[in-house]
Amino acid sequence: MPDPLIGKIFDEFPDESDWDVVIIGGGPNGLIAGAYLSKAGLKVAVVERRYEIGGGLATEEIMFPGYYSNMHAVYHLLVDLMPVLRDFDLNRHALMWTKPNAQAGIVFEDGKSLLLTRMVEDTKDSISKFSFKDAVTFGKVMRGWRRIVTDIIGPATFVPPLSPLDISIAMQRTKVGNEMLELVERSPLDIITENFENDRVRTLMLYASCMWGLDPRETGIGMFVALYLDRAMNKCYCDGGSHKFAGALAREIVVNGGTILDAAEVTKIIMQNGRAAGVEIAEGRTLRSKVVMSTLDPQTTFFDLVGPENLPADLKELVEGWKLDKWSYYTLHVASKEPPHYACDDPWINDAFMVIFGFESMDQLLAHWDNVVAGKVGDNFGGHATCESYFDPHLVHSPWGGHVSFFQMHAPYEIEGGWDKRGPELEEAI
Ligand SMILES: Cc1cc2nc3c(=O)[nH]c(=O)nc-3n(C[C@H](O)[C@H](O)[C@H](O)COP(=O)(O)OP(=O)(O)OC[C@H]3O[C@@H](n4cnc5c(N)ncnc54)[C@H](O)[C@@H]3O)c2cc1C
């Protein structure tokens, strides 16, 4: 309503509006879908619950004024393979990724260390401190595993999924496909122990292969060892903070005529005759659309927003069977005067994007993961750390200078004894 004294200042966003597509969630998946669909000419609305878009790409001032931290996704594993970088001119948003040469290191209590670098040859040099045989094997297997990633797994991430039978038939046609099929049947633990003899080399390789959630003893997922080891040597950092990527994608949506509603929580997916017909948001507005895309987990989407009474029995059963990953992350963000310094035999470790510590052997690593799955974090835990401001000085805007880092480890959602008690103990130990 126009104000009777000052008249109409601007058109209010209507209580009811019509769209070609409504996307729930302004994280990377919602923003990328929104960017493509609005570029294709559709009228798109992205609806985000938080005051800031980005989801897992959030970069926030959580510790002290002037010290920014990346809350979730720091290691952009597949960004250099993502079509979105080619399909949109993201350079015009001054978007830049850096790929540190020293990618992931592990330090041991006796000061020895081991490094995964972008270059296979440098990694071989580091491995040869422990085992010449493992260094040679690493060079040999990575040559094949890299091709599995660049020729098969990487591109497969960006096309509609094939049925397992079609994948198997396609794989049997090429040499690299057959190499992948050979890996598939084995567990990560088998692949690492069969290929490498030195326990410390195995510890690093297993950590890098399984840190994103693979079960080390599960068979049928062996090809992901190739993917995660290759990506452990190719992680990128988004200069300016991960949020900058979200900001660039959001601007692409808006430039192409789309709309982003932030601080707008979807409370209901409206159903008509068994089909989605739009969404309701907490402030009371309705966005009508024949297409509703949700980037939320299946139980939130179908049970909380659609309502189980609106689901066919087979879909309901599928959603009931969906489970969260077996572990989550515990992250401790730290502001310090100096970047962390690791007392070890290789000064290059201090330049590493990720430094793993706390694990002296593969058995200790496996015991930590078993504990986590059982809802515990024992005293022999380990994890990885990154000094973000070492790579990105933009994160510190304080006259006192200094650095921001984080330590991250696998952790259960619910911990034995409760997070209120165990959390401060872990913080102290770290
Ligand atoms: C601690 C941690 C560390 C991680 N580190 C990495 C990493 O280093 N590298 C990497 O590649 N990946 C990492 N990930 C994973 C990565 O963050 C996710 O894969 C990615 O964010 C998933 O994107 P998404 O768009 O599907 O979901 P999200 O990023 O979760 O976005 C979903 C969005 O939906 C919004 N939302 C929720 N409910 C509603 C609602 N009712 N209405 C409207 N909006 C709603 C949320 O606020 C959120 O913004 C990490 C994840 C965590 C938790």
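As the structure is a prediction and not an experimental result, all values here were calculated from the model.

## Considerations on the overall build of the protein chain
Within the protein chain one finds 15 helices and 16 strands. Taking 2.2 N^0.38 as the reference for a compact globule, 430 residues should give roughly 22 Å; the C-alpha atoms of the protein chain span a radius of gyration of 24 Å, in line with that estimate. Dimensions along the principal axes, computed over C-alpha positions, put the protein chain at roughly 80 × 60 × 50 Å. Taken over 430 residues, the protein chain has a buried fraction of 49%.

## Considering the nonpolar core
Judged by nonpolar contacts, the single largest core of 81 residues is most densely connected at Leu 116, Phe 138, Trp 145, Met 205 and Leu 206. Per-element accounting of this core gives the leading share, 9 residues, to helix H4 (residues 132-156). Apart from residues no more than four positions distant in its own chain, Phe 138 is found in contact with Leu 116, Val 120, Thr 123, Lys 124, Ile 127, Phe 196, Met 205 and Met 233. Judged by nonpolar contacts, the second largest core, of 25 residues, contains Val 21, Ile 32, Cys 236 and Ile 253.

## As for the pattern of salt bridges
Summed over all chains, the structure comprises 20 salt bridges. Residue Arg 50 is joined to Glu 60 by a salt bridge in which the shortest nitrogen-to-oxygen separation is 2.9 Å. Taken as a pair, Arg 50 in the loop between strand E2 (44-47) and strand E3 (59-60) and Glu 60 in strand E3 lie far apart in primary sequence, 10 residues in all. Take Arg 50: its relative accessible area is 30%, and that puts it in the partly exposed class. With a shortest N-O distance of 2.7 Å, Asp 80 and Lys 99 are connected by a salt bridge. Pair noted here: Asp 80 is in the loop between strand E4 (69-70) and helix H2 (83-87) and Lys 99 is in the loop between strand E5 (97-98) and strand E6 (102-107), with a separation of 19 residues, a long-range link. Exposure remark for Asp 80: the relative accessible area of 34% places this residue in the partly exposed category. On the basis of relative accessible area, Lys 99 is assigned to the partly exposed category, the value being 22%. In the salt-bridge network here, residues are joined through shared partners; they are Asp 80, Lys 99, Arg 146, Asp 230 and Arg 231.

## A few points about the packing of aromatic side chains
Here the structure, examined in full by the defined rule, presents 20 aromatic pairs. With 5.3 Å between their ring centres and 40° between their planes, Phe 357 and Phe 407 make a pair best called tilted. With Phe 357 in strand E14 (residues 354-357) and Phe 407 in strand E16 (residues 403-411), this pair connects stretches of sequence that are 50 residues apart. You can call Phe 407 buried: its relative accessible area is 5%. Taken together, the aromatic side chains of Tyr 75, Trp 212, Tyr 237, Tyr 329, Phe 353, Tyr 390, Phe 391 and Phe 406 make up a single cluster linked through ring pairs. Stacked on the ring of Phe 88, the Lys or Arg Lys 39 has its end atom at 4.7 Å from the ring centre. Lying over the aromatic face of Trp 327, Lys 326 brings its terminal NZ or CZ to 4.0 Å of the ring centre.

## Some details on the site of the ligand
In the neighbourhood of the ligand, 25 residues make up the surrounding shell, with Asn 29, Glu 48, Gly 56, Tyr 75 and Val 266 lying closest. Between the ligand and Gly 56, the relevant distance is 2.7 Å, taken from an oxygen atom to a main-chain nitrogen or oxygen of the residue. With respect to the ligand, the backbone of Tyr 75 contributes an N or O atom lying 2.7 Å from a nitrogen atom. The fraction of the free accessible surface of the ligand (990 Å²) that becomes covered by protein chains is 73%. Here the element with the most residues in the shell around the ligand is helix H1 (residues 28-39); it accounts for 3 residues. Residue classes in the shell around the ligand are distributed as 11 nonpolar, 10 polar and 4 charged.

## Some details on the sheet that holds E2
With respect to topology, 6 strands assemble into an open sheet ordered E9-E2-E1-E12-E11-E10, the strand pairing being mixed. The sheet terminates laterally at strand E9 (259-261) and strand E10 (266-272), the two strands that pair on one side only. Ignoring strand direction, the axes of neighbouring strands in this sheet form an average angle of 40°. In this sheet, strand E11 (residues 275-281) lies alongside E10 in antiparallel orientation, the contact comprising 6 bridges. Across the sheet, Lys 268 pairs through a bridge with Glu 280, a residue of E11.

## Observations concerning helix H9 (residues 223-232)
Judged by how many residues are buried, H9 sits mostly within the fold: 9 of 10 residues are covered. All buried positions along H9 are accounted for by Met 223, Val 225, Ala 226, Leu 227, Tyr 228, Leu 229, Asp 230, Arg 231 and Ala 232. Where H9 is buried, its residues touch E6, strand E7 (113-117), H4, helix H6 (175-184), helix H7 (188-195) and helix H8 (199-210).

## Topic: the state of the cysteines
Under the criterion given, the structure shown has 0 disulfides. There is no disulfide at Cys 344, and the cysteine sulfur nearest it, in Cys 387, is 15 Å away. Overall, Cys 344 belongs to the partly exposed group, its relative accessible area being 21%.

## Re the UniProt feature "domain: Amine oxidase" (unreviewed entry) in the protein chain
As recorded in UniProt, the feature "domain: Amine oxidase" (unreviewed entry) lies at residues 30-302. Its end C-alpha atoms 17 Å apart, residues 30-302 is made of 42% helix and 18% strand.

## Brief notes about the domain arrangement of the protein chain
Here the protein chain is described as being made up of domain 1 (16-62 + 242-321) and domain 2 (97-238 + 325-429). Placing the centre of domain 1 and that of domain 2 at their C-alpha centroids yields a distance of 32 Å. Broken down residue by residue, the surface that domain 1 buries against domain 2 is led by Ile 62, Ser 242 and Phe 245, which jointly contribute 78%. At the surface where domain 1 touches domain 2, the tally comes to 0 salt bridges.

Parameters at a glance
Residues numbered from 1 in each chain as written. Predicted model: local features only at pLDDT ≥ 70, side-chain atom pairs only at ≥ 80, totals over all residues. Heavy atoms only, no water. Helix = DSSP H or I, 4+ residues; strand = E, 2+ residues; numbered from the N terminus. Rg over C-alpha atoms; globule rule 2.2 N^0.38 Å. Buried < 20%, exposed > 50% of the residue type's maximum accessible area, 1.4 Å probe, protein only. Core = buried A, V, L, I, M, F, W, Y, C linked by side-chain atoms within 4.5 Å. Contact = heavy atoms within 4.5 Å. Salt bridge = Lys/Arg side-chain N within 4 Å of Asp/Glu carboxyl O. Phe/Tyr/Trp six-rings, centres within 6.5 Å; stacked < 30°, edge-to-face > 60°. Lys NZ or Arg CZ within 6 Å of the ring centre and 35° of its normal. Near = heavy atom within 4 Å. Polar contact = N/O pair within 3.5 Å; in protein donor to acceptor, adjacent residues only side chain to side chain. Areas by Shrake-Rupley, 256 points an atom, 1.4 Å probe, with all protein chains shown as cover. Nonpolar A, V, L, I, M, F, W, Y, C, P; charged D, E, K, R; others polar. Pairing = 2+ DSSP bridges. Axes fitted to C-alpha atoms, helices over the stretch in contact; angles between N-to-C directions. Disulfide = S-S within 2.5 Å. UniProt positions renumbered as here; feature names shortened; annotations may be inferred. Domains from an automatic or database assignment. Buried area = accessible area lost by both parts, 1.4 Å probe.

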